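Residue-level structural notes
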Amino acid sequence: MKAKVKGTERGAAPDAAAGGADDGYVPSARRLERERYKRARARRATGLAAASTLVTGAVLYFVITAAPGWPRTRETFFSAAYARLALPKVLEGLLLNLRLLVVCGAAVLVLGLLLAVARTLRGPVFFPVRALATAYTDFFRGMPLIICLLMVVFGVPALRLQGVTTDPVVLGGAALVLTYSAYVAEVFRAGIESVHPSQRAAARSLGLSSGQTLRFVVLPQAVRRVVPPLLNDLVSLQKDTGLVSIAGAVDAVYAAQIIASKDFNYTPYVVAGLVFVALTIPMTRLTDWVTTRMDRRRAQGGTV
């Protein structure tokens with residue numbers, strides 16, 4: 001009898017395994033109905049969004065083109081002939097803006113991180129360092145960027161210092177670094193202070209020194225947390241590189257100004273603005289993607 005039962009079990013096992021492999025999950029009618037409702041609602045929302053966008057665009061088009069001064073405005077700001085003339089020069093000047101973005105961006109990150117670390121040093125012996133870093137941050141965050149540019153670009157050559165460059169590109173980049181490092185320092189400082197004190201205590205209990213704790217425990221967590229705002233500052237820096245044109249550096253903005261000043265047609269400015277927008281949009285979408293990804297990982301417990 002036992003043999004018969006065992007044989008039956010041995011024979012039934014393959015059949016059950018085969019039946020389990022063939023049987024797939026069959027959703028219930030309620031779930032199918034819910035999924036159909038969600039798809040219908042998504043299609044309805046997409047259709048409403050497209051319709052409202054078309055209506056809004058049509059209204060704006062007719063309002064703008066029906067304005068009495070539209071023909072003159074179109075000729076002055078949206079001339080196709082001037083756009084074709086300005087685009088090569090603007091793109092040539094844009095290379096300077098991109099070089100400034102790369103060099104100044106790297107310098108801003110390094111200087112901003114040093115300032116943030118200096119402001120978070122503990123102990124009375126570091127009070128002068130903290131005070132100087134705080135004064136620097138408060139001063140350059142409060143000063144408008146254009147005033148800082150004017151002071152550096154025109155003030156430094158007026159000093160006639162030996163060995164100091166008078167290149168407007170270098171001086172303009174230095175002014176950008178001075179201003180943006182103050183903003184980035186505050187971003188880094190916020191990230192450092194957001195790390196829970198238990199992280200420091202745990203690191204010290206394992207035998208790490210204060211410097212090692214800051215380097216291997218605090219800073220990696222702080223930098224991961226502030227990546228999205230840092231990318232936003234990078235987007236702002238990319239736009240503000242056009243301000244070096246006030247020093248005479250031939251970037252995209254100054255190239256547009258040269259062409260516009262010949263016939264007082266401002267289409268080159270529009271072309272330069274659209275070029276900057278074309279650069280900013282991908283960086284903004286990258287920032288949004290990084291923010292969403294980090295929020296999702298944090299919600300799932302993937303980051304500390």
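Computed from a predicted model, the values in this text were never measured in an experiment. (Residues numbered from 1 in each chain as written. Predicted model: local features only at pLDDT ≥ 70, side-chain atom pairs only at ≥ 80, totals over all residues. Heavy atoms only, no water.)

Overview of the overall build of the protein chain
The cut-off we apply is this: Helix and strand assignments come from DSSP, with helices taken as H or I runs of at least 4 residues and strands as E runs of at least 2, each series counted from the N terminus. C-alpha atoms define the radius of gyration in this analysis, and the globule rule sets the expected value at 2.2 Å times the number of residues to the power 0.38.
When helices and strands are counted, the protein chain shows 12 helices and zero strands. Helices (α) and strands (β) of the protein chain occur, in sequence order from the N terminus, as α-α-α-α-α-α-α-α-α-α-α-α. What you see for the protein chain is a C-alpha radius of gyration of 30 Å, clearly larger than the 19 Å of a compact globule of 304 residues, by over 25%. For the protein chain, the C-alpha atoms occupy an extent of roughly 110 × 70 × 30 Å along the three principal directions.

Description of the nonpolar core
The condition is simple: Only buried residues count toward a nonpolar core, which is a set of Ala, Val, Leu, Ile, Met, Phe, Trp, Tyr and Cys residues joined through side-chain atoms within 4.5 Å. For every residue, the accessible area (1.4 Å probe, protein chains only) is compared with the maximum for its type, and the residue is labelled buried under 20%, exposed over 50%, or partly exposed between those bounds. The contact rule is simple, with two residues in contact once any of their heavy atoms fall within 4.5 Å.
Within the largest apolar cluster, 40 residues are counted, with the highest numbers of intra-cluster contacts made by Cys104, Cys148, Leu176, Phe188, Ile192, Leu230 and Leu237. Contributing elements (two or more residues each) for this core: α4 (80-119), α5 (127-142), α6 (145-159), α7 (168-194), α9 (210-225) and α10 (227-240). In terms of residue count, α7 provides more of this core than any other element does, 11 residues in total. In this structure, Phe188 is in contact with Leu109, Gly112, Leu113, Ala116, Val223, Val226 and Leu230, ignoring residues within four places of it in sequence. By size, the runner-up hydrophobic cluster in this structure holds 10 residues, among which are Ala256, Val271, Ala272 and Val275.

Some words on a positive patch on the surface
Rules: Distance thresholds for patches are 9 Å for like charges and 5 Å for nonpolar side chains (Val, Leu, Ile, Met, Phe, Trp, Tyr), applied to residues having over 30% relative accessible area and no salt bridge. Shrake-Rupley sampling with a 1.4 Å probe provides the accessible areas, and residues are treated as covered by the protein chains on show and by no other component. Between Lys or Arg on one side and Asp or Glu on the other, a salt bridge is scored when a side-chain nitrogen of the former is within 4 Å of a carboxyl oxygen of the latter. Within this scheme the basic residues Lys and Arg register as positive and the acidic residues Asp and Glu register as negative, but His and the chain ends are omitted. Where a charge lies is defined by one atom per residue type: Lys uses NZ, Arg uses CZ, Asp uses CG and Glu uses CD.
A cluster of basic side chains, namely Arg30, Arg34, Lys38, Arg39, Arg41, Arg43 and Arg44, defines a positive patch on the protein surface. Relative to the assigned elements, Arg39 resides in helix α2 (residues 29-65). Its relative accessible area of 44% is what places Arg39 among the partly exposed residues.

Let's talk about the pattern of salt bridges
Applying the stated criterion to the full structure yields eight salt bridges. Residue Glu33 is joined to Arg36 by a salt bridge in which the shortest nitrogen-to-oxygen separation is 2.7 Å. Taken together, the residues span about one helical turn, with Glu33 and Arg36 both in helix α2 at a distance of three residues. Looking at Arg36, the relative accessible area reads 43%, which means it is partly exposed. Taking the shortest distance from any N to any O, the salt bridge between Arg189 and Glu186 comes out at 2.9 Å. One end of the pair is Arg189 and the other is Glu186, both in helix α7 and three residues apart, which spans about a single turn. Each of Arg119, Arg141, Glu186, Arg189 and Glu193 takes part in one network of salt bridges that share partners.

Structural notes on the packing of α4 against α5
Two quantities define a packed helix pair, namely the angle between the axes and the distance from one axis to the other. For the record, the criterion: Axis definition: a line fitted to C-alpha atoms, over the contacting stretch in the case of helices. Angles run 0 to 180 degrees between N-to-C directions. In these notes the angle categories are as follows: under 35 degrees is roughly parallel, over 145 is roughly antiparallel, 65 to 115 is roughly perpendicular, and the rest is oblique. For any helix crossing, the convention is left-handed if the near helix is rotated counterclockwise from the far helix by under a right angle, and right-handed if that rotation is clockwise. Polar here means any residue other than Ala, Val, Leu, Ile, Met, Phe, Trp, Tyr, Cys and Pro, which are nonpolar, and Asp, Glu, Lys and Arg, which are charged; Gly is therefore polar.
For the pair α4 and α5, interaxial distance at closest approach is 8 Å and the crossing angle is 130 degrees. Here α5 runs oblique to α4, going by the angle between their axes. Crossing of α4 against α5: the hand is left-handed. Note on element contacts: α5 touches α4 through Val129, Arg130, Ala133, Thr134, Tyr136 and Thr137, opposite Leu111, Leu115, Ala118 and Arg119. A class-by-class count of the residues in the contact of α4 with α5 yields six nonpolar, two polar and two charged.

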